[in-house]
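These are the residues of each chain, in order.
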Amino acid sequence: MSGFVGAIDAGTTSVRFVIFDHGGDVVAFAQKEHKQHYPQQGWVEHDPIEIWQNICIVIKSAMEKAGVTAKDLAAIGVTNQRETIVLWDKMTGVPVHPAIVWQDTRSDKICSRIESEGLHHKIKEKTGLPTRTYFSASKLTWLFENIPELKVRAEKGELLAGTIDSWLIWNLTEGKHITDVTNASRTLLMSLESLKWDDELLGIFKVPRQILPEIRPSSDPQIYGMTKKSGPFAGEIPVCGDLGDQQAALVGQTCFNVGDCKNTYGTGCFLLMNIGSHIKLDRTSGMLTTVAYQFADNPPQFAFEGAVAFAGAAVQWLRDNMRLIKSAAESEILAQQVSDNGGSYFVPAFSGLFAPHWQSSARGVWVGLTSYIKREHLVRSVLESICFQTVDVVRAMEKESHTDLSLLKVDGGASANNFLMQTQADLLGSRVVRPKILETTSLGAAYAAGLAVGFWSNTDELKKHWQEDARFSPRISEDTRNSMNSRWQIAISKSLNWAD
Ligand code: ADP
């Protein structure tokens, strides 16, 4: 059998192609950024053609670096920025509109309208998600309400729609129109129960069924299709793994048991907990329920997901707006030059607070400032705020899932910060572990594809690849932890109800 598996990782700001060997180690890697388009306030678009062309470039570049050809690759997996929607012509393959990105809020009035009709309860019941602009469905509604020609063409069956994974699989293969259960679970159009597009949801969002892709398992021995010989691989390889990026990281971290959790520290934080094969809906703290993965025709596994809006982004803000640090890495050095936060607490509620507070009118605050406080304290308080926000999400998840978290697996750019990780362990009162391979998103997509073709035999084999880079155990007393967490809650209360 061929010796490697390839993963296409189409993120929000860049795309990459990563080649993994049988031990799950990175053999070669190439990355390319794409343009972010902001045509109006609140609008965010990508050019689907640019994304596809960049994918072709990174595939060729990584294959050259590794010195491999198509026959060396046993399978291809795809992972992607979730929720972003593309609409293209079925015959020509040309997009009929720029991709509307997950951050885009142009459909806010559509979501408010659906809420005012009281339909959001039913939507949450079926999809595990709140009715927000973030998810794909209302973006399609917006396109059809605002560009009538697209509605007519969609109804005639001339157009195809899909999230970025679907657009890429269509281009990689001879036009297979496919998505996986994890990506479909972010559209607001799939029922978690049936794992199929749901007529009632399609009716609410006015989306014609025929434009949507077929929903398949995340790891599919039936394979989605073979790569085209005329495509970037210049050969035929099975495309058979597909996962949304956060679910891919959960798989890459081998969180296959109920209660297993990973937190990705990037611009924001995304915490996912495997909750097993039964759907659980959070009734009180607003955790999302989402499909974690489905391997072959095994039952799907579900996850709770909680997000922190400003994590690494707060560190960037310290650097670019406050100019208190020169680089993100310097935050670690400065924070360690003081023994504590000096009583200062920072709440980065720049655009409100997500789970479990869900306060859109909260705004950022720095509290507890005295003449004793210096730059190092402030930097420390910003790093601590990332950890406190994560603690809030973990506690809400524990409550909803009736499981106690004993270990948190971490990844993402900011997880390189040892002070941040130690503080996380201290404030959580649980161990925090960081793997050697931080490319967990790409690795998850590679695992899904490799499992489908028997390159790897089962999840137990994958678990053996997981190697620890560093482990952080709680070092502070329970009293100190409780007292810091309760000060944090007071700081949160100061940030609430600020904006009109
Ligand atoms: P994304 O995928 O969301 O773009 P990454 O995983 O690449 O994010 O991580 C980048 C983010 O992590 C940035 O917001 C940056 O400020 C933050 N970051 C990177 N390195 C560090 C560090 N050593 N300490 C704290 N934050 C960091």
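Before any of the text, the structure's been laid out above.
Note that this is a predicted model, so its numbers are computed, not measured.

Examining the overall build of the protein chain
Tallying secondary structure elements over the protein chain gives 16 helices and 21 strands in all. A compact globule built from 500 residues would reach a C-alpha radius of gyration of about 23 Å, and the protein chain, at 22 Å, matches this within 12%. Referenced to the eigenvectors of the C-alpha coordinate spread, the extents of the protein chain come out at roughly 70 × 55 × 40 Å. Once local pairs closer than 6 in sequence are excluded, the contacts in the protein chain between residues at least 24 apart make up 71%. Accessible surface, the protein chain as shown: approximately 19500 Å² in total, 50% of it carbon and sulfur. Counting 50 positive and 56 negative side-chain charges, the protein chain places the averaged centre of each group 2 Å from the other.

Details of the site of the ligand
Contacts to the ligand come from 13 residues, most closely from Thr 267, Gly 312, Gln 316, Gly 413 and Asn 417. The contact in question runs from a nitrogen atom of the ligand to an N or O atom on the side chain of Asn 417, over 3.0 Å. Look at the ligand: alone it shows 580 Å² of surface, and the protein chains cover 66% of it. The element best represented in the shell around the ligand is helix 10 (residues 312-320), accounting for four residues. Its residues placed into classes, the shell around the ligand shows five nonpolar, eight polar and no charged.

Quick word on helix 3 (residues 120-127)
Turning to helix 3, its buried residues number three or more, namely Ile 123, Lys 124 and Thr 127. Buried residues of helix 3 fall within an arc of 100° about the axis and therefore sit on the same side. Contact partners of the buried residues in helix 3: helix 2 (108-116), helix 8 (199-205) and strand 15 (288-293). Positive phi appears at Gly 128, one or two residues downstream of helix 3, with a value of about 80°.

Considerations on the sheet that holds strand 12 (residues 238-244)
On the basis of which strands lie adjacent, the open sheet formed by six strands has the order 3-2-1-5-12-11 and mixed pairing. The sheet is open, and its two borders are formed by strand 3 (26-33) and strand 11 (225-226), each paired with just one other strand. Across five bridges, strand 5 (residues 73-80) lies against strand 12 in parallel orientation. Residue pairing for strand 12: Ile 76 is matched across the bridge by Val 239. Its contacts with the sheet place helix 6 (residues 164-172) against strand 1 (4-10), strand 5, strand 11 and strand 12, and it is angled at close to 145° to strand 5.

Things to note about the sheet that holds strand 21 (residues 468-472)
Pairing within the open sheet is mixed, and its seven strands lie in the order 15-16-14-13-19-20-21. Bordering the open sheet on either side are strand 15 and strand 21, each of which pairs with just one other strand. Within the sheet, the average angular offset between the axes of one strand and its neighbour, ignoring direction, is 30°. Across five bridges, the pairing between strand 15 and strand 16 (residues 301-308) is antiparallel. Bridge pairing in strand 16 links Val 291 to Phe 302. Along the sheet, helix 12 (residues 375-401) contacts strand 13 (261-265), strand 14 (269-276), strand 16 and strand 19 (407-411); its crossing angle with strand 16, the most-contacted strand, is approximately 150°.

Details of the pattern of salt bridges
Tallied over the full model, the rule gives 25 salt bridges. Across the salt bridge formed by Glu 155 and Lys 151, the nearest N and O atoms sit 3.7 Å from each other. On the criterion of helical spacing, the pair formed by Glu 155 and Lys 151 is a turn pair, its members being four residues apart in helix 5 (residues 148-155). Accessibility expressed as a relative area gives 48% for Glu 155, which makes it partly exposed. Across the pair Arg 380 and Glu 384 runs a salt bridge, and its minimum N-O distance is 3.5 Å. Taken together, the residues span about one helical turn, with Arg 380 and Glu 384 both in helix 12 at a distance of four residues. Judged by relative accessible area, Arg 380 falls into the buried class, the value being 13%. What emerges from the salt-bridge pattern is a single network uniting Arg 82, Glu 83, Arg 186, Asp 245 and Glu 305.

Scoring rules and cut-offs
Residues numbered from 1 in each chain as written. Predicted model: local features only at pLDDT ≥ 70, side-chain atom pairs only at ≥ 80, totals over all residues. Heavy atoms only, no water. Helix = DSSP H or I, 4+ residues; strand = E, 2+ residues; numbered from the N terminus. Rg over C-alpha atoms; globule rule 2.2 N^0.38 Å. Contact = heavy atoms within 4.5 Å. Areas by Shrake-Rupley, 256 points an atom, 1.4 Å probe, with all protein chains shown as cover. Lys, Arg positive; Asp, Glu negative; His and termini not counted. Charge placed at Lys NZ, Arg CZ, Asp CG, Glu CD. Near = heavy atom within 4 Å. Polar contact = N/O pair within 3.5 Å; in protein donor to acceptor, adjacent residues only side chain to side chain. Nonpolar A, V, L, I, M, F, W, Y, C, P; charged D, E, K, R; others polar. Buried < 20%, exposed > 50% of the residue type's maximum accessible area, 1.4 Å probe, protein only. Arc of directions from axis to C-beta. Pairing = 2+ DSSP bridges. Axes fitted to C-alpha atoms, helices over the stretch in contact; angles between N-to-C directions. Salt bridge = Lys/Arg side-chain N within 4 Å of Asp/Glu carboxyl O.

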